[in-house]
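# Residue-level structural notes
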Amino acid sequence: MQFLTLLMRNRLAAAGGIVLSLVVLLALVTPLLPLANPDVTDTANRFLMPGAQGHLLGTDHLGRDLLARLLHGTRLSLAVGFAAAFFAAFFGAAIGIIAGYFGGRTDNLIMRGVDMLMAFPYILLALAIVAALGPGLTNALIAVAAVNIPFFARNIRGVTVGLAHKEFVDAARLAGLGHTRIILTEILPNVIPVIVIAMSTTIGWMILETAGLSFLGLGSQPPQADLGSMLGEARGALITNPHTSIVPGAMILVIVMGINLLGDGVRDALDPRLRSGALTRPMPATRVERKGTIPDQGDGEAVLSLRQLQTQFHVKNRIYKAVGGVDLKVAPGECLGVIGESGSGKSVTALSVMGLVASPPGVITGGAVYFQGEDLVGAPYEHLRSLRGDKVAYIFQDPLATLHPLYKVGDQLIEAIRVHHPVGRSEARARAVALLKQVRIPNAESRIDSYPHEMSGGMRQRVGIAMALANDPEVIIADEPTTALDVTVQAQILSLLDELRRERGLAIVFITHDFGVVAQLCDRVAVMYAGRIVETGPTEAVLNAPAHPYTSRLIACVPELGGGRRRLEAIPGLPPAVDRLEPGCAFAPRCLKASAACREGDIALEGPGMRAVRCIHPEAELEEGVA
Amino acid sequence: MKQGMLNWTRRGVLAAGTALGLALSMGPAAAQTPPGVLIVGQIAEPKALDPAAVTAVNDFRILMNVYDGLVRYKSGTLEVEPALAESWEISEDGTTYTFKLREGVTFHDGSAFDAEAVKFNFDRMLKEDHPFHDTGPFPLAFFFSSVEEVTVIDPLTVEFQLNAPYAPFLSNLAYPTGLIVSPAAVEEYGADYGRHPSGTGPFTFAEWESNTHVILNANGDYWDGAPELETVVFRPITDANTRTAEMLAGGIDLMVEVPPVALSEFEGDDFTVVEQAGPHVWFLILNAKDGPFAEKAVRQAANYAVNKTALVENVLEGTAEVAAGPTPPAFAWAYNEALEPYPYDPEKAKALLAEAGMEAPEVTFFVTEGGSGMLDPVAMGTAIQADLEAVGFDVTIETYEWNTFLGEVNPGLEGKADMAEMAWMTNDPDTLPYLALRTDAWPDKGGFNSGYYSNPEVDELLEKARVSTSQDERASLYQEMQAIVQEDAPWVFVANWKQNAVTSSAVEDFALEPSFFLLLRDVVKN
Amino acid sequence: MTGYILKRLLSAVPVLLGITVIVFLIMALIPGDPALAILGAYATPENVAKINRDLGLDAPLVARYFIWLGNMLTGDFGTSFSLNRPVIDEVLDRFSATLLLAGTSFLLCTLLGIAAGVISAAKQYGWADKGITFAVLLGISIPSFFLGMMMILIFAVELRWFPVSGMKMAYGGGGFADVANHLVMPAFALAVVATGVVARLSRSAMLEVLRQDFIRTARAKGVREGRVVWGHALRAAMVGIIPVLGIQAGFVLSGAVYIEMVFQWPGVGRMLVDAILKRDILLVQGGVVFVAACYVLFNIAVDVAQSLLDPRIKT
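Residues numbered from 1 in each chain as written. Chains lettered and ligands numbered in written order. Predicted model: local features only at pLDDT ≥ 70, side-chain atom pairs only at ≥ 80, totals over all residues.

Attention now moves to the overall build of chain A. Of the regular secondary structure elements, chain A holds 22 helices and twelve strands. Computed over its C-alpha atoms, the radius of gyration of chain A comes to 33 Å, more than 25% above the 25 Å expected for a compact globule of 627 residues. Reported as C-alpha extents along the three principal axes, the dimensions of chain A are approximately 105 × 60 × 55 Å. Of all 627 residues assigned to chain A, the portion counted as buried reaches 53%. Put simply, 67% of the contacts in chain A that link residues at least 6 apart link residues at least 24 apart. (Helix = DSSP H or I, 4+ residues; strand = E, 2+ residues; numbered from the N terminus. Rg over C-alpha atoms; globule rule 2.2 N^0.38 Å. Buried ≥ 20, exposed ≤ 12 C-beta atoms within 10 Å, placed from the backbone. Contact = placed C-beta atoms within 7 Å.)

Before going further, it helps to examine the packing of helix H5 (residues 87-122) of chain C against helix H10 (residues 225-262) of chain C. Residue and element names in this part refer to chain C. Following both chains from N to C, one finds H5 and H10 inclined at 145°, their axes separated by 9 Å at the closest point. Our pair here, H5 against H10, has a crossing hand that is right-handed. In contact with Thr98, Leu101, Ala102, Ser105, Phe106, Cys109, Thr110, Ile114, Val118 and Ala122 of H5, H10 contributes Val229, Trp230, Leu234, Ile241, Leu245, Gln248, Ala249, Val252, Leu253 and Ala256. When its residues are assigned to classes, the contact of H5 with H10 shows 16 nonpolar, four polar and no charged. (Axes fitted to C-alpha atoms, helices over the stretch in contact; angles between N-to-C directions. Left-handed = near helix turned anticlockwise from the far one by under 90°. Nonpolar A, V, L, I, M, F, W, Y, C, P; charged D, E, K, R; others polar.)

Okay, the interface of chain C and chain A next. By a widely used convention, the size of an interface equals the accessible area lost when the partners come together. With 58 residues of chain C at the contact, the number on the chain A side is 60 residues. For the side of chain C that touches chain A, the element with the most residues is H10(C), which contributes nine residues. Looking at the side of chain C that touches chain A residue by residue, the classes come out as 38 nonpolar, nine polar and eleven charged.

Okay, the confidence of the model for chain A next. Residues and elements named next belong to chain A. Taken residue by residue, chain A gives an average pLDDT of 83. The fraction at 70 or more is 93%. Highest mean pLDDT in chain A belongs to strand S4 (residues 335-339) (91); lowest belongs to helix H11 (residues 272-275) (56). A low-confidence stretch, residues 561-569 stays under pLDDT 50, and its non-local contacts, those more than four residues away or across chains, total 19 contacts. (pLDDT = per-residue confidence, 0-100.)

Residues and elements named next belong to chain A. Read across the sheet, seven strands follow the order S7-S8-S9-S4-S10-S11-S12 without closing on themselves; strand pairing throughout is mixed. Lying at the two open borders of the sheet, with one neighbouring strand each, are strand S7 (392-395) and strand S12 (612-613). As judged from the five bridges shared by S4 and strand S9 (residues 507-512), these two strands associate in the parallel manner. Residue pairing in the sheet places leucine 336 in a bridge with valine 509 of S9. Packed onto the sheet, helix H18 (residues 457-469) meets S7 and strand S8 (475-479) and runs at close to 175° relative to S7. (Pairing = 2+ DSSP bridges.)

A separate point is the environment of A:Ala491. Within the fold, A:Ala491 resides in helix H19 (residues 487-504). Separated by 29 residues in sequence, A:Ala491 and A:Gln520 have C-alpha atoms that sit 9.0 Å apart.

Turning our attention to the sheet that holds strand S6 (residues 147-154) of chain B. All names here are of chain B. As summarised here, the arrangement of the four strands in space is S4-S5-S7-S6, forming an open sheet in which the pairing is antiparallel. Looking at strand neighbours, the two that pair on one side only are strand S4 (85-90) and S6, the edges of this open sheet. When the angles between neighbouring strand axes are averaged without regard to direction, this sheet yields 20°. Inspection of the sheet shows S4 paired to strand S5 (residues 96-101) by five bridges, in the antiparallel sense. Looking at the pairing, glutamate 89 lines up with threonine 98 of S5. Contacts between helix H3 (residues 115-126) and the sheet are confined to S5, S6 and strand S7 (157-162), with S6 contributing the most and set at about 165° to the helix.

Before going further, it helps to examine the packing of helix H8 (residues 179-215) of chain A against helix H10 (residues 242-270) of chain A. Residue and element names in this part refer to chain A. Where H8 meets H10, the axes come as close as 9 Å, and the angle between the chain directions of the two elements is 170°. Our classification of the angle between H8 and H10 gives roughly antiparallel. The segment H8 lies against H10, with Pro193, Val196, Ile197, Ser200, Thr201, Ile203, Gly204, Ile207, Leu208 and Ala211 engaging Ile252, Ile255, Val256, Ile259, Asn260, Leu262, Gly263, Val266, Arg267 and Leu270. Across the contact of H8 with H10, the residue classes tally to 14 nonpolar, five polar and one charged. (Parallel < 35°, antiparallel > 145°, perpendicular 65-115°, else oblique.)

Backbone geometry places A:Asp472, a non-glycine residue, at a positive phi of 50°. Tracing the backbone shows A:Asp472 in the loop between H18 and S8. A positive phi angle, near 70°, is found at B:Phe516, a position not held by glycine. Its 24 C-beta neighbours within 10 Å are what place B:Phe516 among the buried residues.

Residue and element names in this part refer to chain A. With respect to burial, S9 is a largely interior element, six of its six residues being buried. Both faces of S9 are covered, namely the face carrying Ala507, Val509 and Ile511 and the face carrying Ile508, Phe510 and Thr512. Alignment of S8 against S9, held across five bridges, turns out to be parallel. When the sheet's bridge partners are listed, aspartate 479 is paired in S9 with isoleucine 511.

Residue and element names in this part refer to chain B. Relative to the elements of secondary structure, glycine 201 occurs in the loop between helix H5 (183-189) and strand S8 (203-209). A sequence separation of 18 residues divides glycine 201 from asparagine 219, and the C-alpha atoms of the two residues are 7.4 Å apart. Every residue in contact with glycine 201, bar those within four places of it in the chain, is listed here: Asn65, Val66, Tyr67, Asp68 and Asn219.

Looking now at the domain arrangement of chain B. Residue and element names in this part refer to chain B. As assigned here, chain B comprises domain 1 (1-67 + 207-253 + 506-526), domain 2 (68-200) and domain 3 (280-499). Each of domain 2 and domain 3 has a C-alpha centre, and the two are 33 Å apart. Contacts between the two partners involve eleven residues from domain 2 and, on the opposite side, twelve residues from domain 3. (Domains from an automatic or database assignment.)

Structure (structure tokens):
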């Protein structure tokens, strides 16, 4: 049911489905329609044009009614196309599953055979089969099905190999189930969606191929009509009477297009990634739909200042308020920590600064981002791009995914430099080596020619940092840059960053979920929860006297400060879904001190000086902290 | 009205494609072919250019312009006249033919044409111990199976000794199988001779590029006067539709075997359609051995049931005439004028079926997809099937590509089918009935009587006509045979084809021959 | 790398041997007789038997196979009886024509297909995307022989922009411009389906890649969008596109059969169809082995290209 809803949601697929249903319906009721006999010839009235008396689509070269032949032909072609797809899928899947499941020599033998058949021009194979079996539509069907078996076999084998060593299959084996049983109950159900996808995308192809064989005169036997043979027979009169070719040709086109549209829809609906709508590409810059007034810059000292920033994700009919009005600022030489659980909106906040939130689905809906006094929200793309990497640079988590796997690290560094500074390649390379040395990569001269996969995680992260430093930016936004690393490497990287900001006076926004890291590096800290900042202040002050219950719970999870990686999972319950935020404090459902007042109305972020908390039952009285 | 609607459809197609085409356009308009160069659209790639080795009319069209035979058909007829032989004598008993050869004729390769060359040609075909017999096979060698010995009397006199009188002998010599090749060239190229032909004809072979063209140049020294054309290019275009398109687009100057449906395209001043009836008969072999057609009444019923007039006038667009019997009217002297075709009479057919006690006989019908002289076999087969169904037959068609079809039909229809399409183009009234209607021509005896027709009377008439040296006597024997065969109805007699061709307006003095050969010596191309 | 290529070449040997067995068996199993093609309508059973003897077709199957294989290994593919010509000469002639046609089409479908896919992905849901998606769908839904017929009707007969058929002018042709002019329509008609397939695949591969973190990295560096799409993203997407190009090459080669028939292109596809119909056993066997070997080699080349492109693949 869900499948059907999904399918119908795709308008093109729905159109394809409707067209195809109409055609199938027509084909089904054809024998009941008051049509002329498709096989009765009337040579005196041959080649009548469409619209002729009693012949809606005219007549063919023997004076037979084209409409009747078209509908009967469609019936036959559809049946053959579906049957061929089914048989090819059935036998192909059987072979593929056997090869994939048993593996080893069986697999090797079968797949070599499949390779051989695939190297054989398929149309010749089909021709040879028809030549051996004799002409006729059934034989054409067998030929078309047979030549497509290798494609299915290869496809299904690939999937089966992946499944054959999954835990549930091993478990079934240990439980002593027979091979047949395992294949039927464990493997097959998981392979069927793939088979259906492959089938739905090949039916159209099958109809074309059967038509091709009929076109070569190897399909249906006269007087029986199928679309291919109609086209083949009409071909002789193509120049004088094009309508006899166009009628079946257009029908093939309509059917195959319908099937392809529907097939795409089926594939999209069955493919879990496509189903989530995840297969959309992000635009170069996040979409901006700013409503309401634009806040002013506020504090003039900050190099970067976020004011009431709101970023949302619009997915189908839902709106996820990932960032719900965030104020942050960072001054030159300062390091600001932003901390929170996964999904708290801290990364989205960071990415919003340079418009790097994936869009769709991301939309910046309010607030402002001031960089050196200039609002970047809604700035022209080209201006944004000129700042990216040059004035504001990012360091991302998981450098294996964030570095391009097919470019040498040196080239990626050189590119970062040359995008903003028109220097020669050799000069850029020299600078890249210098950068690698600066982040303490040993043998920088040779490592510059390495690919990311040839480096260790720590080395890759250093490359990421070097890339961020390439143009001596004003601000570095580091999004969990150490999460994927082990403790010693993490410590090295943190000290490296600390050193750089002191030497170069750059501002760092450091995003993490680890208070230990914050304590090591950051001057100030902002705690985020459900897309909003719930507490902020100098690191020392917040750590020593957390005011928000959430902050204190976070800190409580870290038994010994600076003792390495600490996880935050220890808070019972889950963060709220940001598409269904209740009024009041978002933490209330998980908070031990929550009262009715907590669930009513907006609670302001208030406090003296640099300290502020968004709570009506703070754990401690706020004292004005000192940065 | 029809024309108007037609243009409308055409314009629709045009509009759909024009936008696309504009984007791609860069080609110049198709250039007219140069004067003096004639481009002929052929229906297939030639198999070989060795006249002894080929059987297809398509190949003959090239060969007749490269080679000469001892004799040839007089223009516009099927009567023989001198060619490389200036004259000949036939002995009283009809078994010795003595030819006086033309003097001073040379092959294109420079070697001289003489009696030795003639002997070489026939020995190569007929004698298994000839050093160049292995350059075969020679499928039509049986045309000369009556030749016992070829003797060189002097350089310009050659004698053929036959083992029995054989009336079609001269006519067979005029057939492409009797064309004379250069012995020197055969000796030089051996089995590869078919790609390096050398004859005495009006054109010399220049180039053969596989599936692209065969080019002939004028032979300025031709003994019968140099041709007008400088060059002839034969282009194989197997697809009839593409061939028509090429003709319309000006890519070829001359096209043979115009598909009937395309004829209307060539009505304007830019083209000339040429027609010529020839010795062709298109028929259905009926299986007289087993199945419903073992009954004569059922065979006759089939003859009445098929609307032959509709076939030739509509399906074939008037490119053929209704056939009355087994002998085409093109053999005027041997044709029985008194014979009227079976009329189209479905009621009579039903009555005959009822009489034979067969209300709905089941019939398997072999149809071919193409083939030499088969006209439009699938469409015709389909129309015939519909006609037969209309009188109560229950017909199942099986189509086969030509070579497979022959493989099914030639060994006989017994146990496989009840009827099969067939067409023959022959050069003598003897050939077809002798090979396909005699009792001794049943497939197991090496003949082509695939329907197992057998009538001792017919056998006798044919044997007699074959050895008679009097044309008048032969004529009356054949006419008698035709009447009997028509009555026995071993075949459904359908059509005699009028061969057709289209030339562009630049081509002059082109005519088709009843022999189906394509003679280009006198053709002018402006 | 050399070792890798050698290894791949070695592994192709059993595949090719298998193909020789398959094609040999198929030709042995097909009913019908080569003698008929030689003798034409005048084939009598007696003559047929004689010719089969001459062609050596009366020897036992296994012996015939090994004789053929042995000859082929010494470079002797035999002689085509239907053409009276050495098989290898004919196959090389015809294959070069097909190579020109299929190669051009392959190039067209690769360039156009990838370009369309990239543009479509980069402008996802925009007008360009919708237009391309529709055109591609139309392309993969239209029978190529039908398209070819319509193209002849429109561009050759009516508009006379291009010649109807053949590879060069029948007389005095053969120059580069002439062949190119003849090539336009068939190459385009042949490329349409494959272009559609490549475009669809490129689009989804690009969509997949554009979501990757390294694309965000490139953007965060300030790389221009054109280079992000056509450089970073396409380079990574090619890893998924290239193997499919290998498979498409096979489809283009097979599709060439129809196109060669419609446009009378003197290629190997039409030759093989004719040869199968005429039961020209040696020509079919030689031709198929040759085509299959080229296909296998091409796919090895594709794998090599893949490993050059993607340093992560162990060679």
